[in-house]
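Examining the three-dimensional arrangement
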Amino acid sequence: MQVYRGMDIGTATPDPEEQASVPHHLIDIVDPGDEFTVAEFQRRYRDVLADLDARGRRAILVGGTGLYHRAVVDDLEIPGEWPAIRARLEDELGRVGVRELYARLEVVDPAAAERMEPTNERRIVRALEVYEGSGRPFSTYGPGLGTYPPSPVVQIGLRWDRTVLADRISERVRGMIADGLVDEVRALADRGMSRTASQALGYKELLAHLDGSIGLDEATELTIVRTRQFAVRQLRWFRRDPRVRWVDVEHDPVAEALPSVLDALDR
């Protein structure tokens, strides 16, 4: 979500001082009113990496969302898009609900259904769109998310105690609210946000608050709960990948993890 301009507080976009200390890429590259896909992210990543390679530079990839991570680390084959089919499926979603579409996905592509939450409307619609548009199950694209081919990328995962992580998430969300996240979301809503941008954690909940659906306290608590749930899903996703080297962190991720990271990169 850091690709979107203006979504700074809620995505913890590196501030100008941090960005001046080392070159950053793929930050603030599109407006929040624009849709941004994993295929576009993959294309831009390839361009950046080619430029760095040509200049003899190395990249540190920081993130992030599991699918985007695999798309660049494993160069996944990204299926095409069929807007007319997607529009029809989204209309059906509004009429029959997500359970009906998920049940349909379980029939036509059980492997894809097993890998996603039954309530994840966007991914379910996308999987059905690809199945109908391409004639291929969504789960067959790329090397397959269930396989982990050799990769030149050294992957390091930082692993926190679950209770400590939950507390850090709660502190972070409340800190974002104190730092002005409500005003940031209000300004973005006035400009218009794409479907993808408006589903970001914290933004979705505060948009509901700003339209009067829920109070600020409820929006804050929902953001905390959903972020904790997302963190658990992230851990499960990356834990399946045997290529990830895990470093346990208790207090200070820099002091505790840096020696292990540097050791892994030197090998």
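Structure shown above.
Residues numbered from 1 in each chain as written. Predicted model: local features only at pLDDT ≥ 70, side-chain atom pairs only at ≥ 80, totals over all residues. Heavy atoms only, no water.

1. Comments concerning a nonpolar patch on the surface
Which entries qualify depends on this criterion: Exposure above 30% relative accessible area and the lack of any salt bridge qualify a residue for a patch; like charges then connect within 9 Å, and the nonpolar side chains Val, Leu, Ile, Met, Phe, Trp and Tyr within 5 Å. Only the protein chains shown count as covering a residue, and every accessible area follows the Shrake-Rupley method with a 1.4 Å probe. Salt bridges are defined by distance alone: a side-chain nitrogen of Lys or Arg within 4 Å of a carboxyl oxygen of Asp or Glu. Helix numbering and strand numbering both begin at the N terminus, where a helix is a DSSP run of H or I of at least 4 residues and a strand a DSSP run of E of at least 2.
A contiguous nonpolar surface patch, about 400 Å² in accessible area, is contributed by V154, V254, L258, L262 and L265. Looking at where V154 falls in the secondary structure, it is placed in the loop between α7 (121-134) and β1 (155-160).

2. Structural notes on the packing of aromatic side chains
One pair of aromatic rings is described through two measures. These are the centre distance and the angle between the planes. Worth spelling out the cut-off: Centres within 6.5 Å make a pair out of two Phe, Tyr or Trp rings, where for Trp the six-membered ring is used; the pair is then stacked when the planes are under 30 degrees apart, edge-to-face when over 60, and tilted otherwise. Remark: exposure states derive from per-residue accessible area (1.4 Å probe, protein chains only) relative to the maximum for the residue type, with buried under 20%, exposed over 50%, and partly exposed in between. Our definition puts a charge over a ring when NZ of Lys or CZ of Arg is within 6 Å of the ring centre and also within 35 degrees of the ring normal.
Summed over all chains, the structure comprises 2 aromatic pairs. A ring pair is formed by F36 and F41, whose centres lie 6.5 Å apart and whose planes are at 85°; its orientation type is edge-to-face. The two residues F36 and F41 agree in class, both being buried. Summarising the aromatic geometry, the rings of F41 and Y68 are spaced 5.2 Å apart at their centres and angled 65° between planes, so their arrangement reads as edge-to-face. Taken together, the residues span a long stretch of sequence, with F41 in helix α2 (residues 38-54) and Y68 in helix α3 (residues 66-73) at a distance of 27 residues. Counting every residue linked through ring pairs, the aromatic cluster contains F36, F41 and Y68. In this structure, R136 is placed above the aromatic ring of Y141, and the distance from its NZ or CZ to the ring centre is 3.9 Å. Sitting over the face of the ring of W160, R168 holds its NZ or CZ atom 4.0 Å from the ring centroid.

3. Some thoughts on the environment of E184
Our working rule: Contacts were defined at the residue level, with two residues in contact if any of their heavy atoms lie within 4.5 Å.
Residue position: E184 is located in helix α9 (residues 181-191). You can call E184 buried: its relative accessible area is 12%. For the pair formed by E184 and P253, sequence separation is 69 residues and the distance between their alpha carbons is 28 Å. Every residue in contact with E184, bar those within four places of it in the chain, is listed here: G6, M7, D8, I9, G10 and Y203.

4. A few points about the side chain of E92
Inspection of the secondary structure assignment puts E92 in helix α4 (residues 83-96). Excluding anything up to four places from it in sequence, E92 contacts G97, L101 and R104.

5. A closer look at helix α11 (residues 203-210)
Residues three or four positions apart in an α-helix share a direction because the helix packs 3.6 residues into each turn. Applicable threshold: It is the directions from the helix axis to the C-beta atoms that the arc portrays.
By the burial criterion, the buried members of α11 are Y203, E205 and L206. The buried residues of α11 occupy an angular sector of 160° when the element is viewed end-on, so they sit on one face. The inward-facing, buried residues of α11 abut α8 (162-178), α9, α10 (195-198) and α12 (216-239). Following α11 by one or two positions, G212 adopts a phi angle in the positive range, close to 90°.

6. As for the packing of α11 against α12
Going by this rule: Axes here mean lines fitted to C-alpha atoms, for a helix over just the part in contact, with angles spanning 0 to 180 degrees between N-to-C directions. Should an angle lie under 35 degrees it is considered roughly parallel, over 145 roughly antiparallel, and from 65 to 115 roughly perpendicular; all remaining angles are considered oblique. Crossings are assigned a handedness: left-handed for a near helix turned anticlockwise from the far helix by less than a right angle, right-handed for a clockwise turn. Under the convention adopted here, Pro, Cys and the residues Ala, Val, Leu, Ile, Met, Phe, Trp and Tyr are nonpolar, Asp, Glu, Lys and Arg are charged, and Gly plus all remaining residues are polar.
Direction vectors running N to C along α11 and α12 enclose 165°, while the axes themselves pass 9 Å from each other. As summarised for this structure, α11 and α12 are arranged roughly antiparallel, according to the angle between their axes. Read as a crossing pair, α11 and α12 show a hand that is right-handed. Of the residues in α12, those in contact with K204, E205, L206 and H209 of α11 are L216, A219, L222, T223 and R226. Split into classes, the residues belonging to the contact of α11 with α12 amount to 4 nonpolar, 2 polar and 3 charged.

7. Some words on the side chain of R70
Test applied: Here a polar contact is taken to be a pair of N or O atoms separated by no more than 3.5 Å, where protein atoms must pair a possible hydrogen donor with a possible acceptor and residues adjacent in sequence count only if both atoms sit in side chains.
Tracing the sequence through the fold places R70 in helix α3. Given a relative accessible area of 2%, R70 falls into the buried group. Here the side chain of R70 touches D74 through a polar contact of 2.5 Å, side chain to side chain.

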